[in-house]
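In case you want the letters, here they are:
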Amino acid sequence: MTSLRPAERVLLAFFAYSVVASLLLGAAWKVALAGTGAAVAVWMIAAIPPHPSRSALRVVNPVLRDWLPLALVPVAYWQMDFIRRPGSAAAFAQRWLPVDAWLFRHTYPQMWGGPASAALETAYVLTYAIPVAAVAIMYVAGRRDRVDSFHQVFFSGTLLAYALLPFFPSASPRLVDPAGWQPPMNVVRHFNIWLLDHADIQSSVFPSGHVAAAFSATFGLFTALPERKRIAGGMLVLALLIAAATVYGRYHYAVDVVASLAITVIAWRFSAPRPRTLWFHANLIALF
């Protein structure tokens, strides 16, 4: 058996947390079962020896360990819908809807225009492709050896945000306040709403999983490919568009975005495989 990669340890820790939380909070047994199964999947990925006798396996195993963990991200997210802390989504909305109303006090749908609205909605839907795209970028750049550095930062920030979801019961402002400000409809927005209605969790929107994934991927690329700042810069632009789209589309409250950004910065600070010195602060300034 090979040793676990740091990112695989992060995944195992998260699924162990989901199992313990589900048992303590009396959640559905399916959560504990799914968490256990996902943890076993991670362990089995690492259980294949790194230098098997067959040359094909010598190639397949590292590739599996680079790509297969990404398939566990939606599993981790959906689990959080069944681990719920008792609370009222309305109470959350009453606290943060006034903040959003203040932000949109001089805004009306027509001022954005069709292209701007479509661009933001497209950025929002691209969130789902970001982890796969990031790993593909490292493959194309010839830096497969740094994929785990990306995974370590990406999973740390994303899963930390997911772990907080059960403790902040809340509902999307587009559902809580349907009579309030709404952006213009277009094909992409129709698709986003359909996807959220059919595949999103319903227990919480705080913090934003979309924003956490986008910025965690940005910081992960900056860590794994420090010599390719333009790549991380391009991902940063997309992450900022996603952050704006989550509030613009009323998928999240503004506080969800701020919290996710703070979580991902903290996770990056403590999870990136590098000395935690002025290097971090200088490059954080350079990135922004």
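Residues numbered from 1 in each chain as written. Predicted model: local features only at pLDDT ≥ 70, side-chain atom pairs only at ≥ 80, totals over all residues. Heavy atoms only, no water.

Peer 1: Tell me about the packing of aromatic side chains, and name the residues and values.
Peer 2: Counted by the stated rule, this structure contains 12 aromatic pairs. Between Phe 14 and Tyr 17 the ring centres are 6.0 Å apart and the planes differ by 50 degrees, which places this aromatic pair in the tilted class. Linking Phe 14 with Tyr 17, this pair stays in helix α1 (residues 6–24), spanning three residues, or about one helical turn. A relative accessible area of 5% means that Phe 14 is categorised as buried. Ring geometry for Phe 215 against Phe 219: centres 6.2 Å apart, planes inclined by 45 degrees, an arrangement best described as tilted. (Phe/Tyr/Trp six-rings, centres within 6.5 Å; stacked < 30°, edge-to-face > 60°. Helix = DSSP H or I, 4+ residues; strand = E, 2+ residues; numbered from the N terminus. Buried < 20%, exposed > 50% of the residue type's maximum accessible area, 1.4 Å probe, protein only.)

Peer 1: Which residues make up helix α5 (residues 89–103), and what are the values?
Peer 2: Across its 15 residues, α5 extends 21 Å between first and last C-alpha, which sits within 8% of the 21 Å expected from 1.5 Å per residue. Roughly 35 degrees is the biggest bend found in α5, and it falls at Trp 96, with proline Pro 98 one to four residues downstream. Looking at α5, one finds that the buried residues are Phe 92, Ala 93, Leu 97 and Asp 100. (Expected span 1.5 Å × (residues − 1). Bend = angle between axes of the 7 residues up to and from the residue.)

Peer 1: Give me the lowdown on the layout of surface pockets, citing residues and values where you can.
Peer 2: For the largest pocket, the calculated volume is near 420 Å³. Forming the walls of the largest pocket are 19 residues, and the residues nearest its centre are Val 73, Pro 74, Tyr 77, Tyr 128 and Tyr 162. At the level of elements, α4 (72–79), α7 (130–140), α8 (147–164), α10 (187–199) and α11 (209–224) are the ones that each hand at least two residues to the lining of the largest pocket. For the lining of the largest pocket, the leading source of residues is α4, giving four residues. Class assignment for the residues of the lining of the largest pocket results in 14 nonpolar, four polar and one charged. (1 Å grid on protein atoms, 1.4 Å probe; cavity = no way out; pocket = protein on both sides within 12 Å on 5 of 7 lines; lining within 4 Å. Points joined across faces, edges and corners; volume = space filled by probe spheres on them. Nonpolar A, V, L, I, M, F, W, Y, C, P; charged D, E, K, R; others polar.)

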